[in-house]
Amino acid sequence: DDYFRSLIKRRRADLEHDLVSALIAARDGEDRLSEDEMVATLILLFAAGFETTTNLIGNGLLCLLRNPDQFARLRAEPDLVGSAVEEMLRFESPVQVDARTAFEPVEIDGHRVGAGETVVTFLGAANRDPAEFVDPERFDVARDPNHPLSFAAGIHYCLGANLARLEGRIVFDRLVRRTADIEWLDDAITGVLESAPSANASRICPPGQSCYAALNYSGYPHTGGGTVPFMGDYNDVQPVVPFVNKG
């Protein structure tokens, strides 16, 4: 909160070509965003742009480890990385639950929703809808067509969707090209996190070294390299699943 308020103060004095300056300049008639509204928006964008992409990478690696045939196919055909990321988004969505509030009465599949009522949407369930996806419980890096709702839809469609997809493609392209093989050390969650978080956790697991897939507070997996088993800033103890880079 203090960081963003300080940043807003600096931008008010010297506008730049960035999001904070755009929020300061934004207006609807004579109405402008208050400082509290700008801070809330910036915190939302910061968290959404970091945590969800981390979840995508962790969940994606988990999908590949649980489906070694698909991992092998992606290694053999790295050009499938784009469709593989879409399938990771569908199969284990970084965000599982969302919500929408009706501005006016509407009927959805025979259910009446009144103005002001909130509908909770389960994105993970929608992404496995057999009416939309053939064999939805199967993880397929070459699935086509594939249009998951992981970034939601409509006017609240995720602003960072293209960036998240790009980050995912870069990570998994590098992963399959730089590692010869990665496999589980154990199928079960076998340990707990005892070491402190570190920026070094973002490194790709070095060849021959044991690494971990760790679950964050939401139950989604993160991945970390070296001796530090996860990326994040959580103080509570986290369960971890070990794996090894055999390359």
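Quick caveat: nothing in here was measured; it's all calculated off a predicted structure. (Residues numbered from 1 in each chain as written. Predicted model: local features only at pLDDT ≥ 70, side-chain atom pairs only at ≥ 80, totals over all residues. Heavy atoms only, no water.)

### Focus: helix 7 (residues 161-178)
- Its 18 residues place the ends of helix 7 26 Å apart at the C-alpha level, agreeing with the 26 Å of an ideal helix rising 1.5 Å per residue.
- Among the residues making up helix 7, those that are buried are A161, A164, R165, G168, F172, D173, L175 and V176. For helix 7, the angular spread of buried residues about the axis comes to 160°, placing them on one side. In helix 7, those exposed residues whose orientation departs by more than 90 degrees from the buried face are N162, L163, R177 and R178. (Helix = DSSP H or I, 4+ residues; strand = E, 2+ residues; numbered from the N terminus. Expected span 1.5 Å × (residues − 1). Buried < 20%, exposed > 50% of the residue type's maximum accessible area, 1.4 Å probe, protein only. Arc of directions from axis to C-beta.)

### As for a nonpolar patch on the surface
- Residues V97, V120 and F122 make up a contiguous nonpolar surface patch of roughly 280 Å² in combined accessible area.
- Of note, V97 is situated in strand 3 (residues 97-101). (Patch = residues over 30% accessible without salt bridge, like charges linked within 9 Å, V, L, I, M, F, W, Y side chains within 5 Å. Areas by Shrake-Rupley, 256 points an atom, 1.4 Å probe, with all protein chains shown as cover. Salt bridge = Lys/Arg side-chain N within 4 Å of Asp/Glu carboxyl O.)

### Describing the confidence of the model for the protein chain
- Taken residue by residue, the protein chain gives an average pLDDT of 78. The fraction at 70 or more is 74%.
- No element of the protein chain has a lower mean pLDDT than strand 8 (residues 191-192), at 32, and none a higher one than helix 5 (residues 81-91), at 98.
- Segment residues 188-207 is flagged for pLDDT under 50; beyond a separation of four residues in sequence, or across chains, it makes 53 contacts in the model.
- In the predicted structure, residues 209-245 sits below a pLDDT of 50 and forms 143 contacts with residues beyond four places in sequence or in another chain. (pLDDT = per-residue confidence, 0-100. Contact = heavy atoms within 4.5 Å.)

### Examining the pattern of salt bridges
- Within the structure shown, the criterion is met by 16 salt bridges.
- A salt bridge links D1 to R5, with the shortest nitrogen-to-oxygen separation between them at 2.7 Å.
- Exposure remark for D1: the relative accessible area of 47% places this residue in the partly exposed category.
- E87 is the salt-bridge partner of R143, the closest N and O atoms lying 3.0 Å from each other. A residue pair is termed long-range when its members are at least 10 positions apart, and R143 in the loop between helix 6 (123-126) and helix 7 and E87 in helix 5 qualify at 56 residues.

### Concerning the side chain of D140
- Note on placement: D140 falls in the loop between helix 6 and helix 7.
- Within the local environment of D140, its side chain forms a polar contact with the side chain of R138, the two groups lying 3.1 Å apart.
- Beyond its immediate chain neighbours, meaning those up to four positions away, D140 contacts Q70, R73 and E87. (Polar contact = N/O pair within 3.5 Å; in protein donor to acceptor, adjacent residues only side chain to side chain.)

### What to know about unusual backbone geometry
- Here the residue pair D144 and P145 is connected by a cis peptide bond, since its omega of 0° sits within 30 degrees of zero.
- Structurally, the position occupied by P145 is in the loop between helix 6 and helix 7.
- Although it is not a glycine, D135 adopts a positive phi angle of roughly 50°.
- Residue class for D135 comes out partly exposed when judged on its relative accessible area of 40%.
- Even without being a glycine, A152 presents a positive backbone phi close to 65°.

### A word on the side chain of E86
- Secondary-structure assignment places E86 in helix 5.
- Overall, the relative accessible area of 13% leaves E86 in the buried class.

### Here we look at the packing of helix 3 (residues 35-66) against helix 4 (residues 68-76)
- Axis separation between helix 3 and helix 4 bottoms out at 5 Å; the angle between their running directions is 105°. When the axes of helix 3 and helix 4 are compared, the pair comes out roughly perpendicular. Residues L64, L65 and R66 of helix 3 form the contact with helix 4, whose participating residues are P68, F71 and L74. (Axes fitted to C-alpha atoms, helices over the stretch in contact; angles between N-to-C directions. Parallel < 35°, antiparallel > 145°, perpendicular 65-115°, else oblique.)

### Overview of the nonpolar core
- Counting residues in hydrophobic clusters, the biggest one holds 25 residues, and the most contacted among them are L64, F71, L74, M88, F139 and F172.
- Going through the elements one at a time, helix 3, helix 4, helix 5, helix 7 and strand 7 (182-184) are the ones with two or more residues in this core.
- Those residues within four positions of L64 in sequence are excluded, and the remaining contacts are F71, L74, M88, F139, V141 and F172.
- With nine residues, the next largest nonpolar core counts L7, I8, V20 and V39 among its residues. (Core = buried A, V, L, I, M, F, W, Y, C linked by side-chain atoms within 4.5 Å.)

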